[in-house]
Each structure stands twice: as structure tokens, then as C-alpha cells.
Amino acid sequence: MNCGIMSLLSDTAFEDPWSSFFMDVLSPLSFVKVSSVRMQGLLLLFFAKHHHLPFVQILSTKSTPTGLFGYWGNKGGVNICMKLYGYYISIINCHLPPHMANNDQRLEHFDRILEMQNFEEQDIPNILDHDLILWFGDMNFRIEDFGLHFVRESIKNRCYSDLWEKDQLSIAKRHDPLLRQFQEGPLLFPPTYKFDKNSNNYDTSEKKRKPAWTDRILWRLKRQPQANPNQRLPVPHFCLSLRSYVSHMMYCISDHKPVTSTFDLELKPLVSVPPITLMPEGLWTMENDMLISYSLTPDFLSSPWDWIGLYKVGLRHINDYVSYVWVGDNQVSFSNGLIQVYFNTRDIPETEDQFLLCYYSNNLHSVVGISKPFKIQPSSFLAEDPLSEAQPHI
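Criteria and cut-off values
- Residues numbered from 1 in each chain as written.
- Predicted model: local features only at pLDDT ≥ 70, side-chain atom pairs only at ≥ 80, totals over all residues.
- Heavy atoms only, no water.
- UniProt positions renumbered as here; feature names shortened; annotations may be inferred.
- Helix = DSSP H or I, 4+ residues; strand = E, 2+ residues; numbered from the N terminus.
- Buried < 20%, exposed > 50% of the residue type's maximum accessible area, 1.4 Å probe, protein only.
- Lys, Arg positive; Asp, Glu negative; His and termini not counted.
- Salt bridge = Lys/Arg side-chain N within 4 Å of Asp/Glu carboxyl O.
- Contact = heavy atoms within 4.5 Å.
- Pairing = 2+ DSSP bridges.
- Axes fitted to C-alpha atoms, helices over the stretch in contact; angles between N-to-C directions.
- Patch = residues over 30% accessible without salt bridge, like charges linked within 9 Å, V, L, I, M, F, W, Y side chains within 5 Å.
- Areas by Shrake-Rupley, 256 points an atom, 1.4 Å probe, with all protein chains shown as cover.
- Phe/Tyr/Trp six-rings, centres within 6.5 Å; stacked < 30°, edge-to-face > 60°.
- Lys NZ or Arg CZ within 6 Å of the ring centre and 35° of its normal.
- Core = buried A, V, L, I, M, F, W, Y, C linked by side-chain atoms within 4.5 Å.
- Domains from an automatic or database assignment.
- Expected span 1.5 Å × (residues − 1).
- Arc of directions from axis to C-beta.

You'll find the chain entered in an unreviewed UniProt entry as Inositol polyphosphate 5-phosphatase K, with Vulpes vulpes given as the organism. Looking at the chain in UniProt, the text filed under Sequence similarities (unreviewed entry) is "Belongs to the inositol 1,4,5-trisphosphate 5-phosphatase type II family."

Structure below.
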């Protein structure tokens, strides 16, 4: 991220370049940008496929600066806390202090970021009680003791095992019970720092910094209580397994090489019915006000500021609607648990694209209902086929 003041102001007023790029790539694959949080050079983006949206509730986004005695955001962490199918998940992106000698400071900042993820005012469990914590970023841990020549020769010969033993994060995990609870995949790729920019050569400057695995991806699963043989309570099924943990040497725009992980998350939903079920009524055309019916689960608390958005399939983010209505202003009927609101389609440009309806909850700050895809027929449709029955095209 560009941390210059003009770049920060520009990204505040407009979409930042990384968000725009990922939305361009992911929206054709049905991924929607759900949430983001930025602190200077740190950016955390969360995308989900649109059919998951009613089961994703963003609870909190938070920035924790640790630079300059906690007042400057060049170091620190950003966090997105959510509920996913009823499970609590926290995702943290961090940038810890650099340099070999600052290992104790790195561990202090790690603890500080963790301590600041408290949600007491929002009735959210302590972060250590969340079902999953994903924690990644430029952690800046270095390789101790070995000299530059030994480290480079070990990398050249792909002999990483000796380097693992002197990796500061691995050493810290052997002594810190809390840090030990965070898991990491095997470091089977070369150290990702420090490279000459636009090359695959480790630092050739006067400083000749020693290579290190600074860029890491960790995770922590909530420890399950010990089973009581006298109780037969159902245990929630929530399992995370690592599929890949790799670096990507072909990218040369930074003095770091990017690192990615792919996981499989297998869970038994604690919430399986969306709070809102949306149903477009009848045949939608471009020239009539049309009806939307929806029903609520008994525990859903609606608000006059809830709204229903009309989106093209392939939406980029939740504000990427074609049109919307306030449910309180446009309600026309309520009977047998079914609510109807009207929607003016006359200002919608004619297109062959398919559409979706999404119900946005002001209280939960999340999408809580989504329709199946459907088409809005052009104005000439009824004139061409006046005897056709008005059936929903879903």
C-alpha cells in the first residue's frame, strides 16, 4: 500500500487500487466484497460468494496502532470480526517491528494487538473464545545466530531444517504457551525477505540483510471442552485443514515475496435458515411497479432503515446496487407472516443481465436475505406475448 498522504486521501474518497483490482478479478466468480479495514499501509479485505452473504455478519472492524508508543499506525494490526454460520471468526493482518534485535518488541506488539481485540460493549466473546483466529502479515521475525553465508548457502541447497531451529517465531512458540496455540504450516519455501526490488536476488545493498521468513500465516482453533462421559451433548463440527502454504517468487514489485495459504473449512452450521427469505412476485418488466414478498424468522429484529437492493448478478460490493427501496416506506401489505413491498423498475436500464435482490439489515450491518437470480423483461415483452401467464422468471 502507498502510505503517502495524497494516496491516503485519494483512497478515502475513492476505492483503493487493491480493492478495485480484486473486485475486478473476483466478482465474475460470484465473490462479493463484504468488508475491509485499512490503517496506513495495512489493508484487510474480506470477500465471500454471494450465496453465503445471509450467513455472514460483520460484528466489528478495528485498527490497533502500535508504532510511536501506540499513536502511529505504521506498525500494528487491523481486524475483522464476524459470525459465519453462527461461529465467531476473527481475521488479523499485522505489521510488527523490524530488525534482528527487536524480537522482544515484536512479541510485545503481538500481545498488545491481541489484548486490544476486546468487544465488551458489543456483547461479543473474548477473541480467545472465538472459534477461529486467522493471523497473518509481515511479522518481521528473523533467523538468529547463523551468519549470512551459512543462511544463503542453506537456501541455495534447500536445506531449511537448520534455519527453522533458529527462526525467532519458532523459538518463541517453544517458550510462550499462548503463542504455541497458534498453528502454522511447514516452511517449505525460501525465506521471503529481503530481496532487491525487481529481482529474485537477496539483498545486495551495503546492509546485506540476512534472509528471513518475515511473512507468516498463523491460525488458532478454539479448544473444545473435555467431553464428560455422563453428558451426551452435541459437539459443534468446525474443522480447518491446510491445503497449501507457499511463497510466490515471480512477483518482484517489493523487497518481500508474497505468501499465500489455502484452507478447507468444514463446519456444521449453527444457523441454517437466513433471517429473511426473499421472493420476487410475478413477472418483472421494465414498465411496471413490481412486488417483492419476504418473510422473517421469529428472532429477527427489523428496522425502518432496512432496505432491499436490486443488483446485477456479479455484484462487486454491497453498495453496487442498481436500485433500492426502504422496506418501511414501500410496504403495501402484511398477512400470514408475509410482507410485501413495491419496487419501481421504470428507471432501470434494459439489459439481458440477471438480477438478485438482497435485504440489508441496519441493525446487523449485513445482508440477511438474498433471492435466486431472475430476469427483468423488456417493456415490449408483454406486447409481444399478451396471452402469456405472469410467472416469475427465476
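Once the structure has been displayed, the description carries forward.
What to know about the side chain of Arg-106
By the secondary structure assignment, Arg-106 is in helix H3 (residues 103-115). Glu-144 provides the closest opposite charge to the buried, unpaired Arg-106, separated from it by 6.9 Å. Excluding residues within four positions of it along the chain, Arg-106 makes contact with Leu-96, Pro-97, Pro-98, His-99, Met-100, Met-139, Asn-140, Phe-141, Arg-142 and Gln-168.

Description of the sheet that holds strand E16 (residues 338-344)
Pairing is antiparallel in the open sheet, where 4 strands are placed in the order E11-E12-E16-E15. In this open sheet, the two strands that pair with only one neighbour each are strand E11 (276-280) and strand E15 (331-335). When strand polarity is set aside, the average angle formed by the axes of neighbouring strands in this sheet is 25°. With 4 bridges joining them, E15 and E16 adopt antiparallel strand pairing. Its bridge partner being in E16, Ser-335 is matched across the sheet by Leu-338.

Considerations on a nonpolar patch on the surface
On the surface, a nonpolar cluster with roughly 500 Å² of combined accessible area is contributed by Trp-18, Phe-21, Phe-22, Val-25 and Ile-253. Among the secondary structure elements, Phe-22 is positioned in helix H2 (residues 17-26).

Let's talk about unusual backbone geometry
Lys-194 follows Tyr-193 through a cis peptide bond whose omega is 0°. In this structure, Lys-194 sits in the loop between strand E7 (183-184) and strand E8 (215-221). For Gln-40, which is not glycine, the phi dihedral falls at a positive 50°. Within the secondary structure, Gln-40 sits in the loop between strand E1 (31-39) and strand E2 (42-49). Residue classification places Gln-40 among the buried positions, given a relative accessible area of 18%. In the Ramachandran plot, Asn-198 falls in the positive-phi region, its phi being about 60° despite a non-glycine side chain. With respect to the secondary-structure elements, Asn-198 resides in the loop between E7 and E8.

What to know about the packing of aromatic side chains
Considering all chains together, one arrives at 22 aromatic pairs under this definition. Relative to Trp-135, the ring of Phe-110 lies with its centre 3.9 Å away and its plane at 5°, an arrangement referred to as stacked. In this pair, Phe-110 is assigned in helix H3 and Trp-135 in strand E6 (residues 132-138), connecting sequence segments 25 residues apart. For Phe-110, a relative accessible area of 3% corresponds to the buried category. Each residue in the set Trp-305, Trp-307, Tyr-311, Tyr-321, Tyr-324, Trp-326 and Tyr-360 is aromatic and connected to the rest through ring pairs, giving one cluster. Above the face of the Phe-195 ring, Lys-257 is positioned so that its terminal group lies 4.9 Å from the ring centre.

Digging into the environment of Phe-22
You can call Phe-22 partly exposed: its relative accessible area is 31%. Separated by 11 residues in the primary sequence, Phe-22 and Lys-33 place their C-alpha atoms 8.7 Å from one another.

Some points on the nonpolar core
Residues Phe-46, Ile-80, Met-82, Ile-89, Ile-91 and Leu-132 are the most contacted members of the largest nonpolar core, which totals 33 residues. Built from parts of two domains, this core gets at least three residues from each of domain 1 (21-226 + 234-267) and domain 2 (276-375). The contacts of Ile-80, once residues within four sequence positions are left out, are Ser-35, Ser-36, Val-37, Leu-44, Phe-46, Ile-58, Ser-60, Thr-61, Ile-89, Ser-90 and Ile-91.

What to know about the pairing of strand E12 (residues 289-296)
Side chains on a regular strand alternate between the two faces of the sheet. As paired strands, E11 and E12 are joined by 5 bridges and run antiparallel to one another. Among the inter-strand pairings, Met-279 is bridged to a residue of E12, identified as Ser-293. When E12 meets E16, the two strands line up antiparallel, connected through 7 bridges. What sits directly across from Asp-289, in E16, is Asn-344.

Some words on the side chain of Ser-247
Secondary-structure assignment places Ser-247 in strand E9 (residues 238-247). Excluding residues that lie within four positions of it along the chain, Ser-247 makes contacts with Phe-189, Pro-190, Thr-192, Pro-258 and Val-259.

Observations concerning H3
For H3, which comprises 13 residues, the first-to-last C-alpha distance of 18 Å matches the rise-based estimate of 18 Å (1.5 Å per residue) to within 8%. Buried residues of H3: Asn-103, Arg-106, His-109, Phe-110, Ile-113 and Leu-114, and no others. Projected down its long axis, H3 shows its buried positions confined to an angular sector of 135°, all on one face. Turned more than 90 degrees away from the buried face of H3, the exposed residues are Asp-104, Glu-108 and Glu-115.

A closer look at the pattern of salt bridges
Within the structure shown, the criterion is met by 9 salt bridges. Of the charged contacts in the structure, one is a salt bridge between Arg-216 and Glu-184, with a shortest N-O distance of 2.6 Å. With a gap of 32 residues between them, Arg-216 in strand E8 and Glu-184 in strand E7 connect regions that are remote in the sequence. The same class applies to Arg-216 as to Glu-184, namely buried. In this structure, Asp-264 engages Arg-243 in a salt bridge whose closest nitrogen and oxygen atoms are separated by 3.6 Å. On the criterion of sequence distance, the pair formed by Asp-264 in strand E10 (residues 259-267) and Arg-243 in strand E9 is long-range, its members being 21 residues apart. It is possible to trace a salt-bridge network through shared partners that takes in Asp-167, Glu-184 and Arg-216.

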